[in-house]
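Architecture at a glance
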Amino acid sequence: MSRVYNFSAGPAVLPEEVLKEAAEEMLDYRGCGMSVMEMSHRSKAFETIIQTAEQDLRDLMNIPNNYRVLFLQGGASQQFAMIPMNLMKNRKAAYIITGQWAKKAFSEAKIYGEAVDVASSADKTFSYIPDCSNLDIPEDADYVYICENNTIYGTKFHTLPNTKGKNLVADVSSCFLSEPTDVTKYGLIYGGVQKNIGPAGMVIVIIREDLITEDTLSGTPTMLKYKTHADHNSLYNTPPAYGIYICGKVFQWLKKRGGLSAMKEYNEKKAKILYDFLDQSKLFQGTVVKQDRSLMNVPFVTGNEELDAKFVKEAKTCGFENLKGHRTVGGMRASIYNAMPIEGVEKLVEFMEKFEKENI
Ligand SMILES: *Cc1c(COP(=O)(O)O)cnc(C)c1O
């Protein structure tokens with residue numbers, strides 16, 4: 001068996017320990033004589049799995065009691081519709097456009113009401129986070145929406161916007177559990193888990209209780225009401241059971257590693273190695289303004305498309321996978337999520353140094 005250093009933006013690298021444990025339990029989950037995949041979601045064993053997962057997530061993020069945790073299907077993209085369907089009481093919401101995922105959420109919200117673009121960094125291909133300290137937020141906006149970490153462009157909100165008292169809704173897909181979060185600052189936090197936590201197809205929603213109501217837009221399907229899932233503790237229908245099981249293992253792995261403060265320290269150390277190299281390199285350069293850089297997704301370019309392609313190809317033969325940038329931006333992108341070991345980043349930088357010497 002040989003594993004590569006996988007720099008994919010998602011689905012992405014998972015902790016090896018977690019994968020090994022899941023492999024060991026594949027045929028017989030702790031004496032049940034069956035895999036978690038084959039198990040009733042109403043069984044005692046699964047009840048323990050989902051309850052433990054929720055509790056561990058609550059411990060890690062310090063989630064207050066007046067917030068619910070929902071394990072849902074449909075990935076992050078399903079939330080682009082579910083959020084307005086459930087929260088747009090006045091049919092108005094403010095969106096901050098910092099990249100493609102925010103743009104998609106914004107377009108989807110327009111189907112349901114008036115989505116107002118209150119700030120954007122489209123003018124400089126989303127290479128920065130706009131100043132959000134004093135935005136013109138409509139009086140009757142139901143919420144302010146952000147994509148907190150922009151997976152494609154490599155920017156992150158290091159300061160949350162001033163929402164002027166409106167509920168903040170955040171897509172944290174690509175920075176989920178990468179550092180401590182003050183949950184009380186948000187009305188709703190959600191993320192697809194395939195970036196930093198588990199297998200694709202599942203989304204975790206953390207929502208303040210008062211935002212879960214019967215009062216959804218007319219025509220909202222039962223499956224797309226937060227209330228349906230909250231009332232049934234994420235077991236209204238068959239949940240993404242195996243995904244929840246793997247996420248639960250990742251939560252335990254994070255706890256063992258010292259929780260989110262320790263993770264932040266580790267992630268900062270990893271990102272610094274790469275950014276420090278980029279800042280002095282004569283061949284490679286980062287594409288994001290320094291103060292808005294993401295700890296998770298690091299885009300960079302040589303300025304020459306052919307050289308970029310050569311780099312990606314040679315990197316692959318040396319065991320560094322998925323370094324090609326998003327198809328809409330080109331260049332390279334190294335996603336260095338929680339489970340990417342520091343050695344992976346060190347070795348990548350060594351490889352980049354060598355490539356630079358050979359190609360400059
Ligand atoms: C990947 C990603 C999505 C889309 O996730 P799906 O689960 O494929 O719907 C949405 N937002 C962000 C920030 C992402 O990185």
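Please read these numbers as outputs of a predicted model, since none were measured by experiment.

Considerations on the overall build of the protein
Regarding its fold elements, the protein presents nine helices and 14 strands. In terms of C-alpha radius of gyration, the protein reaches 21 Å, essentially the compact-globule figure of 21 Å for 360 residues. For the protein, the spread of C-alpha atoms along the principal axes amounts to about 65 × 60 × 30 Å. Counting the 360 residues in the protein, one finds 58% classified as buried. Taking contacts inside the protein between residues at least 6 apart in sequence as the whole, the part at least 24 apart equals 68%. Entry remark: accessible area of the protein is about 15800 Å², with carbon and sulfur atoms responsible for 48%. With 42 positive and 45 negative side-chain charges, the protein shows a spacing of 1 Å between the two charge centroids.

Side note on the nonpolar core
One finds Met61, Ile204, Ile206, Phe284 and Phe311 to be the most contacted residues of the largest nonpolar core, which totals 91 residues. Among the elements that make up this core, the one with the highest residue count is helix α6 (residues 241–256) (ten residues). Residues Phe106, Ala109, Leu217 and Ala230 belong to the second largest nonpolar core, which totals 35 residues.

Examining helix α7 (residues 259–280)
An ideal rise of 1.5 Å per residue puts 32 Å on 22 residues; α7 measures up with 32 Å between its terminal C-alpha atoms. Considered for burial, the residues of α7 that qualify are Gly259, Leu260, Met263, Tyr266, Asn267, Lys270, Ala271, Leu274, Tyr275, Phe277 and Leu278. Contact partners of the buried residues in α7: α2 (44–61), α6, β11 (285–286), β12 (297–301), β14 (332–335) and α9 (342–359).

Digging into the domain arrangement of the protein
Taken domain by domain, the protein comprises domain 1 (16–256) and domain 2 (258–359). Computed over C-alpha atoms, the centres of domain 1 and domain 2 are 27 Å apart. In this complex, domain 1 contributes 27 residues to the contact, which on the side of domain 2 involves 25 residues. For the pairing of domain 1 and domain 2, the buried interface totals around 2100 Å² over both sides, and the portion due to carbon and sulfur atoms is 56%. The tally of links between domain 1 and domain 2 comes to zero salt bridges. Linking domain 1 with domain 2 are 16 residue pairs in polar contact (both at pLDDT 80 or more). Broken down by element, the residue count for the side of domain 1 that touches domain 2 peaks at four residues, all from α6.

Structural notes on the sheet that holds strand β9 (residues 188–192)
Across a sheet, strands are paired by hydrogen bonds formed along the backbone, either parallel or antiparallel in direction. Within the open sheet, the seven strands sit side by side as β2-β10-β9-β8-β5-β3-β4. Their pairing is mixed. Each edge of the open sheet is held by one strand with a lone partner, namely β2 (67–73) and β4 (114–120). The sheet shows a mean angle of 20° between the axes of neighbouring strands, taken without regard to direction. With seven bridges joining them, β2 and strand β10 (residues 202–208) adopt antiparallel strand pairing. Among the inter-strand pairings, Phe71 is bridged to a residue of β10, identified as Ile204. The strands that helix α4 (residues 100–110) touches are β3 (92–97), β4, β5 (143–147) and β8 (167–171); relative to β3, the one it contacts most, it runs at about 160°.

Points about the packing of helix α8 (residues 305–317) against α9
The geometry of α8 relative to α9 is characterised by a closest axis approach of 11 Å and an angle of 135° between their N-to-C directions. Accordingly, the angle class assigned to the pair α8 and α9 is oblique. Relative to α9, the crossing made by α8 is right-handed. Across from Leu307, Lys310, Phe311, Glu314 and Ala315 in α8, the residues of α9 making contact are Leu348, Phe351, Met352, Phe355, Glu358 and Asn359. Its residues assigned to classes, the contact of α8 with α9 comprises seven nonpolar, one polar and three charged.

Comments concerning the packing of aromatic side chains
Evaluation of the coordinates by the stated rule reveals 18 aromatic pairs. When the centroid spacing of 6.1 Å and the interplanar angle of 15° are considered together, the rings of Tyr5 and Phe320 count as stacked. Of the two residues, Tyr5 sits in strand β1 (residues 5–6) while Phe320 sits in strand β13 (residues 320–321), which places them 315 residues apart along the sequence. Between the aromatic rings of Tyr95 and Tyr145, the centroid separation amounts to 4.7 Å while the plane-to-plane angle is 20°, which identifies the pairing as stacked. Taken as a pair, Tyr95 in strand β3 and Tyr145 in strand β5 lie far apart in primary sequence, 50 residues in all. With relative accessibility at 0%, the residue Tyr95 sits in the buried group. We classify Tyr145 as buried; its relative accessible area is 1%. Its end group placed over the ring of Tyr128, Lys124 keeps NZ or CZ at 5.7 Å from the ring centre. Its guanidinium or amino end placed over the ring of Tyr266, Arg257 lies 4.6 Å from that ring's centre, counting from NZ or CZ.

Criteria and cut-off values
- Residues numbered from 1 in each chain as written.
- Predicted model: local features only at pLDDT ≥ 70, side-chain atom pairs only at ≥ 80, totals over all residues.
- Heavy atoms only, no water.
- Helix = DSSP H or I, 4+ residues; strand = E, 2+ residues; numbered from the N terminus.
- Rg over C-alpha atoms; globule rule 2.2 N^0.38 Å.
- Buried < 20%, exposed > 50% of the residue type's maximum accessible area, 1.4 Å probe, protein only.
- Contact = heavy atoms within 4.5 Å.
- Areas by Shrake-Rupley, 256 points an atom, 1.4 Å probe, with all protein chains shown as cover.
- Lys, Arg positive; Asp, Glu negative; His and termini not counted.
- Charge placed at Lys NZ, Arg CZ, Asp CG, Glu CD.
- Core = buried A, V, L, I, M, F, W, Y, C linked by side-chain atoms within 4.5 Å.
- Expected span 1.5 Å × (residues − 1).
- Domains from an automatic or database assignment.
- Buried area = accessible area lost by both parts, 1.4 Å probe.
- Salt bridge = Lys/Arg side-chain N within 4 Å of Asp/Glu carboxyl O.
- Polar contact = N/O pair within 3.5 Å; in protein donor to acceptor, adjacent residues only side chain to side chain.
- Pairing = 2+ DSSP bridges.
- Axes fitted to C-alpha atoms, helices over the stretch in contact; angles between N-to-C directions.
- Parallel < 35°, antiparallel > 145°, perpendicular 65-115°, else oblique.
- Left-handed = near helix turned anticlockwise from the far one by under 90°.
- Nonpolar A, V, L, I, M, F, W, Y, C, P; charged D, E, K, R; others polar.
- Phe/Tyr/Trp six-rings, centres within 6.5 Å; stacked < 30°, edge-to-face > 60°.
- Lys NZ or Arg CZ within 6 Å of the ring centre and 35° of its normal.

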